[in-house]
Amino acid sequence: MQLLLNQVDIQGSGESLIGGKAKNLAWLSRFGFNVPPFLVVSTESFRKFLEHTMKKNFTDVMASLQMNPVVVAAEIRAALLRASLPEDLQAALRQSLGQFQDSFLAVRSSVVGEDSQEASFAGQMETFLFLKSYEEISRGIIECFASAFAERAIIYRKDRKLPIHSISAAVICQVMVDSDVAGVVFTAHPNRGNRNEQLISAAWGLGEGVVSGECNADEFVVRYQNQKPSLIEQKVADKDNAFRFASGQGYGTKIVKVEDKLRKVACLSQDLLIKLSQICYQIALKQGCPQDIEFALKDQTFSILQTRPITMLPVQMEGDPVVWDNSNIQESYCGVTTPLTFSFASRAYRSVYVNTGEIVGMSKSELANMDPILRNLLGLIRGRVYYNINNWYHGISNLPGFSANKQDMERMMGLQDPVDFVQKRQRHGWDALLAKFKSIRALSKLLSHFFRIRSLVEEFRSHFAESYLRVDKGQLFLCNLRELYELSKELENKIIMRWTTPIVNDFYVMMMNGKVHRKLNALKIENPSLTLNNLLSGEEGIESTEPTKFLLKMCDSIRSDAKLYEVFLATAHSELMAAIQQNFPAFHQLCLEYIELYGDRTMGELKLESITLRQDPAFMFACLRNYINNPKLSLASLERHEKNLRSDEELRIFSLLKSPLARLTMKRDLNRLRNAVKNRENMRLARTRLFGLYRCLYLEMGKQLALHKVLKHQRDIFYLTVEEIEQFFEGRSTCISLDRLAELRRQEFAEYEAMDLPHHFKTYGSPYVGNRYEYSGATLSVTEGASLQGLGCYPGVVEGKIRLIFSPEDEMSLQGQILCTVRTDPGWAPLFPSAAGIIVERGSSLSHSAVVARELGIPAIVNIPGLTSILKDGERIRMNGQTGVIERLDFEAGNHSN
């Protein structure tokens, strides 16, 4: 049994015998670093002492810890502190300490697992300094052994899921260095995460003052570039105190005052700093990972007291970050979005933009070079879908007029925080000419498509309708799994890969909106964004409002039939369809017609996991009940709102344009923008139906996979990705336990529901490692005042209570209240007519809520930071849709804290 080992003996010993700290000291010695002499009281001594004290074998002692670790550990620790070391260990210790009879020793723990990459155990175990007599040293060893069972050490193990049943400790007895200067070196900056920067913290006297934080310390930053060190930062502290050897009491340390002349002088010269830095650089280099190193300086010579891996480093917040923003896309993918929806959307984005790249003349090699961008237009952070803004900027940098396009895109996306570090690449010579040619070619191709946009939209809608109607959703259950999979691929080829026109039209909206906005700016109009909103109001033929108009027709039918009206008000939503089918067949047919036409248009309609009217018609009935409770609301009253504001705004703007040509071009550009916005809204309905078709397809696929015991539940399909489903059907799966994979994801995404993320943030490195997802832009100080400021989208002053609605599960009885929510998508439109006003936390002047509010003539404000966390359900406000101001009528200073 190896009870004690000296500095030579331990070179061939493993951590299980000498513990983590001693293993690192042995490593330092082996590589020739200056380590003060030491010996190790082994883990076998620890076991012997434990068994000797507890009168049972080691395994039984460890087993007793399992039931109640903290309580049992406290009992073991108390017993060890009352005991003496076994006699044979005492004899061996006395003999070994003879070599250090003229030296003071440090006695400190070396637990198995200590100072590792998984756990440092920093501050968990006992350390004793300047011990000399056998009695002092043996007592220090006992206390170090006992500290392995201290409450803080047990909790540390539990927190890090380290085994409790296999506690094993050694103790190091090492010659003390009565240092002039001591401290710590982190070979990677612990605050910045920069692995090429060392942070050196040092103070006069012993390192205890630095490690404990009881003494002020100087800080130095040394940067390595091409393996050459240079001092780049130096902060000299007022070092008023220092730890020194307590010579008067014979052992231990004490705090002494530093001489005035040394207090504000750097404790390490630049030469010594570089020398120390190079030593530590070599340690990290040989270890192959960043190190946390303790050192002592005596008579201009450095001793290394310990080294251990740095167990945690922040992400290096340097260089260009990746910017994430969901101000716009959250309309389509609100809240937490499942893996299937995200992977489907991300894949679709890449496909349609590759297809669009081809029509603007990009070669296969150019598209291949852009693939890293096109594959990463979207990101999924804690279950939320975000635009990768960097990649969107890089994408439009291929077009002429990058600055203007950049601003137009920001305006369309509702981007409050433009990114300035993504610049158009500067080219020279032949490279510049070639780039110019490609940009002009792309622009000419786009302009050609803009010129033909009306016919292209008609062709797209015709082709979509033909392909869509070929699939009978009601008969998908007749398909087997292979047929369902092949149908998904067929739809991808026939529809998604031919989704070019909506993308081209989006570019058209972006450019025309930017162009008209710049013209309004040139007229020095006070609020050009609001003016443009007014000019876009009252457009006919926008299909986003057709579901609302259909519901209003249904509402008229209910009002004209007293029995139907009575049943409608008295019956629960869950029972209403059956009651209507039994007693009112004509109206039941209207319900079925609405569901067939607009059954996929619901809140969160682009999320495949959303429950639509095809699965539950409750949302349709909730909207109808809102309508019939508002006698002033009818299809006729809705249509009377249209065009009045637009006409007044046109008169005002055209009166400011002095030349006939300016008025002509403004009218032309306005008409083009209006048509582009209308086309965008109308093609969104096709997108909604496509997602609805895929939703039915995947639900049937999930049902059959559950039938075959591949999944536990039908809806578990939403916790797989499109790629994983493909791999499963094509025999390329690296994991075929899809049930367990789906369950893991279900739990993970349920945790995301309780988290809140800002609309805009930056990340460095992998977005999932060490990033905080914090909004660093300017935030309005809205919680202290009685008013909020947003972006007015349709004028009108409304005073009343707000109704907070976030999902179809919420209470939807508006009855003329003001609808307040985080975001909307086209599926929210049927709720709008029963609201007196609409206020939305996110969005832009071109977002869906703004477009539909203008079409319906409902006062609306969007883009109000923190809105839904500030206002409470039922709170009274006054909203001004022209100025974007919301006044909190119930607000009293000092009584609101959010």
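Structural notes, computed from the coordinates. (Residues numbered from 1 in each chain as written. Predicted model: local features only at pLDDT ≥ 70, side-chain atom pairs only at ≥ 80, totals over all residues. Heavy atoms only, no water.)

1. Examining the pattern of salt bridges
Scanning the model with the defined rule gives 43 salt bridges in all. Between Glu-799 and Arg-878 there is a salt bridge; the shortest N-O distance is 3.0 Å. Residue Glu-799 is located in strand S20 (residues 797–804), and its partner Arg-878 is located in strand S24 (residues 876–880); the two are separated by 79 residues in the primary sequence. What emerges from the salt-bridge pattern is a single network uniting Arg-347, Lys-489, Glu-492, Glu-723 and Glu-726. (Salt bridge = Lys/Arg side-chain N within 4 Å of Asp/Glu carboxyl O. Helix = DSSP H or I, 4+ residues; strand = E, 2+ residues; numbered from the N terminus.)

2. A few points about the nonpolar core
With 94 residues, the main nonpolar core has Tyr-353, Tyr-698 and Met-701 as its most contacted residues. Looking at this core, the element that brings in the most residues is helix H27 (residues 660–707), giving 17 residues. If you look at the next biggest cluster of nonpolar residues, it comprises 47 residues, including Tyr-594, Tyr-627, Ile-805 and Leu-831. (Core = buried A, V, L, I, M, F, W, Y, C linked by side-chain atoms within 4.5 Å. Buried < 20%, exposed > 50% of the residue type's maximum accessible area, 1.4 Å probe, protein only.)

3. A short note on the packing of aromatic side chains
Here the structure, examined in full by the defined rule, presents 35 aromatic pairs. With a centroid separation of 6.4 Å and 20° between ring planes, the pair formed by Phe-460 and Phe-464 is classed as stacked. A residue pair is termed a helical-turn pair when its members lie 3 or 4 positions apart in one helix, as Phe-460 and Phe-464 do in helix H16 (residues 453–469) at four residues. For the pair formed by Phe-460 and Phe-464, the shared burial category is buried. Aromatic side chains Tyr-719 and Phe-749 sit 6.3 Å apart centroid to centroid with 75° between the ring planes, which places their arrangement in the edge-to-face category. With Tyr-719 in the loop between H27 and helix H28 (722–730) and Phe-749 in helix H29 (residues 738–753), this residue pair connects regions lying 30 residues apart in the sequence. Residue Tyr-719 shares its accessibility class with Phe-749, and that shared class is buried. Connected via pairs of aromatic rings, a cluster forms that spans Phe-46, Phe-49, Phe-58, Phe-145 and Phe-149. A cation sits over an aromatic face here: Arg-47 above Phe-58, 4.1 Å from the ring centre. Taking NZ or CZ as reference, Lys-132 lies 5.0 Å from the ring centre of Phe-104, over its face. (Phe/Tyr/Trp six-rings, centres within 6.5 Å; stacked < 30°, edge-to-face > 60°. Lys NZ or Arg CZ within 6 Å of the ring centre and 35° of its normal.)

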